Amino acid sequence: MPSLFDPLQLGALTLPNRIVMAPLTRTRAGRSHIANALMAEHYAQRASAGLLIAEATMVAADGCAFTGEPGIFDDACTAGWRGVTAAVHAAGGRIQLQIWHPGRSAHSSLNGGVQPISSGERAVQGLINTPDGKQPYETPRRLRDDELPGIVDLFRRATRRALQAGFDGVQLHGAHGYLLDQFLRDGVNDRNGPGHERYGGAIENRARLLLECMDAAIAEAGADRVGLRLSTLAGSNDLRDSDPEALLSHVAQQLSRRRIAYLELRHMDPALISERRIAAVARQQFQGPCCATAASARPARKRHWMKAVPTPSCSAARSSPIRTWCSACAWAPS
Ligand SMILES: Cc1cc2nc3c(=O)[nH]c(=O)nc-3n(C[C@H](O)[C@H](O)[C@H](O)COP(=O)(O)O)c2cc1C
C-alpha cells in the first residue's frame, strides 16, 4: 500500500511524493499582473512537494477579480513567470499554472470599466473587494455562442504562454463558480433561444465550453500535461447545479477519453454522504489519477473520508498540517 511519500506518475510528470500544493491566490503581482521575485521565492520554498499548482492566473487582461493577481496574457507576464519556474526547477520542483477566467465574479472597476461576462445574466449575490472598497457584484453580460471561440482561444494562448514561461503544464480552473463553471452549472446557465442554444440546456451543451477549452490546452501541451479542477458540489460564488452527479458523470467520462493528466476534485465537507457519492462518481467514470482537496477544518473527518474514498493523491492548501495528510493517506490507489 503506497504512502504519501511514494512516487506517483501524473501524466508526463513523475512526482517524488503525492503531496500536491493546491492553487492559492496570494495577490502579490501588483497592478501590472506580472509575477515577481517575491513570488519566485514563495514557490521555490515549497518545491519539495510532489507538484506545485500555481495560483489562479488571468487568461485575459480584462478578466481580473482580485487586485494584484497575476496574468499570463502578454509577453511581460510570460517573462515574469519565467523567474518563478526557473527558481522552482532550480530547487528540484515541478510546477503547473492554474489558468482561469472569473466571468461574472469580476468587477468593472478592476477591468478598466469592462462589464463582467457569463453564461447568463444573474449577478453573484454578495460583495466583491474593489479598489474603492466592497461593492455588490455586477450583472454580467451574457456571452453569445459566436463569442465562445474567442474564450477558447484565450485558454489556448494562455497554455502556450505557460509552456513558454517554463511551466510543466497547466491546470484549467473549472471550479468555484468561475467562468467555465458558470457554463457547466444550471444555477446560472439558463441559456436558450437563438444565438445561445449550443452551450446551454442539456448537460452535453453546458459542458461544451469546458471541453473545448480542455481540447485547446491539450492541443498546445499534450493531454499528459493538462489537469482540471472541478468543484461540482461546492456552492462557491453563489453557484449550484440541480443534478451535480449527472453533470460530473458526463464530464468525467469525457475527460477520461481525453486521457488528461489528472482530475482534481475540490470538496467542501468530507463527512457528507453527498461528497462521498460525488467522489465515487469521479472514480467510476474517470480512469486516470484523481486528486482530492477538502476543507481543513476537521482533520479527523478528513482522514475518515480519505480512507473511504480511495484516491491516489491529495492536495493541501493553506494550513493543512502535513501530519494530517500523512495519517490520512493509508489508502490504496484504485
Ligand atoms: C487564500 C486562498 C487562496 C486560494 N486561491 C485559490 C486559487 O487561486 N485557485 C483555486 O482553485 N483555489 C484556491 N483556493 C482554494 C484552495 O486551493 C483549497 O481548495 C481550499 O483552501 C481547501 O483546502 P485547505 O483545507 O487545505 O485549505 C484558495 C484558498 C485560500 C484560502
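Residues numbered from 1 in each chain as written. Predicted model: local features only at pLDDT ≥ 70, side-chain atom pairs only at ≥ 80, totals over all residues.

K.L.:
What exactly am I supposed to notice about the overall build of the protein chain here?
P.N.:
When helices and strands are counted, the protein chain shows 10 helices and 14 strands. Expressed as a percentage of the 334 residues in the protein chain, the buried residues total 52%. Residue pairs in contact within the protein chain that sit at least 24 positions apart in sequence constitute 72% of those at least 6 positions apart. (Helix = DSSP H or I, 4+ residues; strand = E, 2+ residues; numbered from the N terminus. Buried ≥ 20, exposed ≤ 12 C-beta atoms within 10 Å, placed from the backbone. Contact = placed C-beta atoms within 7 Å.)

K.L.:
For this particular structure, what's the right way to read the environment of glycine 174?
P.N.:
Mapped onto the fold, glycine 174 is located in the loop between strand S10 (170-173) and helix H4 (179-184). Each C-alpha atom, one on glycine 174 and one on serine 231, is 7.5 Å from the other, the two residues being 57 residues apart in sequence. Among residues more than four places away in sequence, those in contact with glycine 174 are Leu180, Asp181, Leu184, Leu210, Leu228, Arg229 and Leu230.

K.L.:
Any chance you could explain the packing of helix H3 (residues 148-164) against helix H6 (residues 208-221) here in plain terms?
P.N.:
Helix-helix packing is characterised by the crossing angle of the two axes and by the distance between the axes. Interaxial distance between H3 and H6 falls to 8 Å at its minimum, and their mutual angle equals 30 degrees. Comparing the axis directions of H3 and H6 gives the class roughly parallel. The two elements H3 and H6 cross, and the hand of that crossing is right-handed. Between H3, through Leu148, Ile151, Val152, Phe155, Arg156, Thr159, Arg160 and Leu163, and H6, the contact on the second element is made entirely by Leu209, Glu212, Cys213, Ala216, Ala217, Glu220 and Ala221. (Axes fitted to C-alpha atoms, helices over the stretch in contact; angles between N-to-C directions. Parallel < 35°, antiparallel > 145°, perpendicular 65-115°, else oblique. Left-handed = near helix turned anticlockwise from the far one by under 90°.)

K.L.:
Sorry, what's going on with the pairing of strand S4 (residues 51-58) here?
P.N.:
Look at any regular strand and the pattern is simple: side chains alternate between the two faces of the sheet. Of all the eight residues making up S4, eight are buried; the element is thus mostly covered by neighbouring parts of the structure. Pairing of strand S3 (residues 19-21) with S4, which is carried by two bridges, proceeds in the parallel orientation. Bridge pairing links methionine 21 to leucine 52 in S4. Viewed along the sheet, the connection from S4 through helix H2 (residues 75-90) into strand S5 (residues 95-100) turns out right-handed. (Pairing = 2+ DSSP bridges. Right-handed = clockwise from strand over helix to strand, strands pointing away.)

K.L.:
Any chance you could explain the pairing of S5 here in plain terms?
P.N.:
Where burial is concerned, most of S5 is hidden: six out of the six residues are buried. Here S5 shows a buried face lined by Ile95, Leu97 and Ile99 and a second buried face lined by Gln96, Gln98 and Trp100. Of the pairings in the sheet, the one linking S4 to S5 comprises five bridges and is parallel in character. Along S5, the bridge assignment pairs alanine 54 with leucine 97. As defined by bridge partners, S5 adjoins S10 across three bridges and the pair is classed as parallel. Its bridge partner being in S10, glutamine 98 is matched across the sheet by glutamine 171.

K.L.:
I'm lost on helix H1 (residues 37-44) in this one. Help?
P.N.:
Inspection of H1 places Met39, Ala40, His42, Tyr43 and Ala44 among the buried residues, and these make up the whole buried set. In this structure, the buried side of H1 is in contact with S4, H2 and S5.

K.L.:
I keep staring at the confidence of the model for the protein chain and nothing clicks. Help me out?
P.N.:
Atomic detail in the predicted coordinates should be set aside for any region of low pLDDT. Looking at the protein chain as a whole, the pLDDT averages 89, with 88% of positions reaching at least 70. Confidence drops under pLDDT 50 across residues 304-312; counting only partners more than four residues distant or on other chains, this segment forms 26 contacts. Under a pLDDT of 50 for its full length, residues 317-334 has, in the predicted model, 36 contacts with residues more than four places off or in other chains. (pLDDT = per-residue confidence, 0-100.)

K.L.:
When you look at the environment of alanine 76 in this model, what are you seeing that I'm missing?
P.N.:
Tracing the sequence through the fold places alanine 76 in helix H2. When the 12 C-beta atoms within 10 Å are taken as the criterion, alanine 76 is described as exposed. Sequence separation between alanine 76 and alanine 35 is 41 residues; the distance between their C-alpha atoms is 9.1 Å.

K.L.:
How should I be thinking about H3 in this particular structure?
P.N.:
Side chains of residues three or four places apart in an α-helix project in the same direction, reflecting 3.6 residues per turn. When the terminal C-alpha atoms of H3 are compared, their 25 Å separation across 17 residues agrees well with the 24 Å that a helix rising 1.5 Å per residue should span. Along H3, the residues that are buried comprise Ile151, Leu154, Phe155, Arg156, Ala158, Thr159, Arg161 and Ala162. Residues of H3 that are buried sit in contact with H2, S5, S10 and H6. Where H3 ends, the next residue or the one after it, glycine 166, has phi of about 100 degrees, a positive value. (Expected span 1.5 Å × (residues − 1).)

K.L.:
Just to check I follow, could you spell out unusual backbone geometry for this structure?
P.N.:
The phi angle of most residues is negative, glycine excepted, and most peptide bonds adopt the trans form. Of note, the phi angle at asparagine 237 is positive, near 55 degrees, even though the residue is not glycine. Looking at the secondary structure, you find asparagine 237 in the loop between strand S11 (226-230) and helix H7 (244-258). The exposure class of asparagine 237 is buried, given the 24 C-beta atoms found within 10 Å. Although it is not a glycine, aspartate 238 adopts a positive phi angle of roughly 60 degrees. Relative to the helices and strands, aspartate 238 resides in the loop between S11 and H7.

K.L.:
Any chance you could explain the environment of leucine 52 here in plain terms?
P.N.:
Along the chain, the position of leucine 52 falls in strand S4. For leucine 52, a count of 28 C-beta atoms within 10 Å puts it in the buried group. With 43 residues separating them along the chain, leucine 52 and isoleucine 95 place their C-alpha atoms 4.6 Å apart. If we ignore the near neighbours within four places in the chain, the residues touching leucine 52 are Met21, Tyr43, Arg46, Ala47, Val88, Gly93, Arg94 and Ile95.

K.L.:
Explain the packing of H1 against H2 here, please?
P.N.:
As a packed pair, H1 and H2 sit with axes 8 Å apart at the nearest point and diverge in direction by 30 degrees. The angle between H1 and H2 places the two elements in the roughly parallel class. In the packing of H1 onto H2, the handedness of the crossing is right-handed. Residue-level inspection shows Ala37, Met39, Ala40, Tyr43 and Ala44 of H1 in contact with H2, the latter providing Gly83, Val84, Ala87 and Val88. When the residues that make up the contact of H1 with H2 are grouped by side-chain class, the tally is eight nonpolar, one polar and no charged. (Nonpolar A, V, L, I, M, F, W, Y, C, P; charged D, E, K, R; others polar.)

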